[in-house]
Amino acid sequence: MLDLLAKKRVFVGTIYLTIVFFFHYPNAAAWWLGFAVAFAGEGIRTWSSGYLFKNEQLATTGPYSVVRNPLYLGSFLLGFGLTLMGGNIVLVGLYPLVFFPIYLRKIEQEEGFLLEQFGEEVMAFFQRVPRLVPRLSTYEPADHHWNLQRVIFVHREWGNWVLLAGFAGWFYYLLQAAGG
């Protein structure tokens, strides 16, 4: 079951955020904190996707030298921030319980694939760089230029920016309508 959820993680996230959208209790503090967390998360995703050449080369520098899975870290922060903006404390508390098992399973699957593809090179990378919690002391500057075309056309991060703007705008509107 966890394998299926890992495969359908974007769909699961969409269902979760739909629930957040309908069962919200926005307040100004939750909105500001959530916006900051979500913005940071999508910033990490955008930064990381500009250096990723998926299935072509192993990314080990730039954001990938600080954390092996910056896209998943960014996804966690984006989703958590959007959930925070909704202000429903129950959904905020449930979010990590839903997110971590699914994404940790997906990370395990991807690490198996990377071991098959890159062998010893990836083993050294796994030993040096943490899986999901960043370690700034391992930072190495990127070995190639950040690529905006990959961000927009290959990884389609613009969709997450639209999602962030939509959630932020909607919950901000609700706060203003309620006098907050």
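Residues numbered from 1 in each chain as written. Predicted model: local features only at pLDDT ≥ 70, side-chain atom pairs only at ≥ 80, totals over all residues. Heavy atoms only, no water.

Asks: Looking at this model, I keep getting lost on the packing of aromatic side chains. Mind explaining?
Replies: As enumerated under the stated definition, the model contains 21 aromatic pairs in all. Centroid distance F99 to Y103: 4.3 Å. Interplanar angle 20°. Geometry classified as stacked. Within this pair, F99 and its partner Y103 are both found in helix α5 (residues 89–118), separated by four residues, close to a single helical turn. By way of ring pairs, the aromatic residues Y16, Y72, F76, F80, Y95, F99, F100 and Y103 are connected into one cluster. (Phe/Tyr/Trp six-rings, centres within 6.5 Å; stacked < 30°, edge-to-face > 60°. Helix = DSSP H or I, 4+ residues; strand = E, 2+ residues; numbered from the N terminus.)

Asks: Just to check I follow, could you spell out unusual backbone geometry for this structure?
Replies: Among all residues save glycine, negative phi is the norm, and among peptide bonds the norm is trans. Look at R156: it is not a glycine, yet its phi comes out positive at around 50°. With respect to the element layout, R156 can be found in the loop between α7 (148–154) and α8 (158–177).

Asks: Explain the environment of Y16 here, please?
Replies: Relative to the assigned elements, Y16 resides in helix α2 (residues 9–22). Overall, Y16 belongs to the buried group, its relative accessible area being 9%. Each C-alpha atom of the pair Y16 and S48 lies 24 Å from the other, and the pair is 32 residues apart in sequence. Those residues in contact with Y16, other than ones at most four positions away along the chain, are T83, L91, L94, Y95 and V98. Separated by 3.1 Å, the side chain of Y16 and the backbone nitrogen of Y95 make a polar contact. (Buried < 20%, exposed > 50% of the residue type's maximum accessible area, 1.4 Å probe, protein only. Contact = heavy atoms within 4.5 Å. Polar contact = N/O pair within 3.5 Å; in protein donor to acceptor, adjacent residues only side chain to side chain.)

Asks: Quick question: what am I supposed to make of the packing of α2 against α5 here?
Replies: The packing of two helices is summarised by the inter-axis angle and the distance between the axes. One can describe the packing of α2 onto α5 by two numbers: an axis separation of 11 Å at closest approach and a directional angle of 175°. The pairing of α2 with α5 is recorded here as roughly antiparallel in orientation. In contact with R9, V12, Y16, I19 and V20 of α2, α5 contributes L91, L94, Y95, V98, I102, Y103 and K106. (Axes fitted to C-alpha atoms, helices over the stretch in contact; angles between N-to-C directions. Parallel < 35°, antiparallel > 145°, perpendicular 65-115°, else oblique.)

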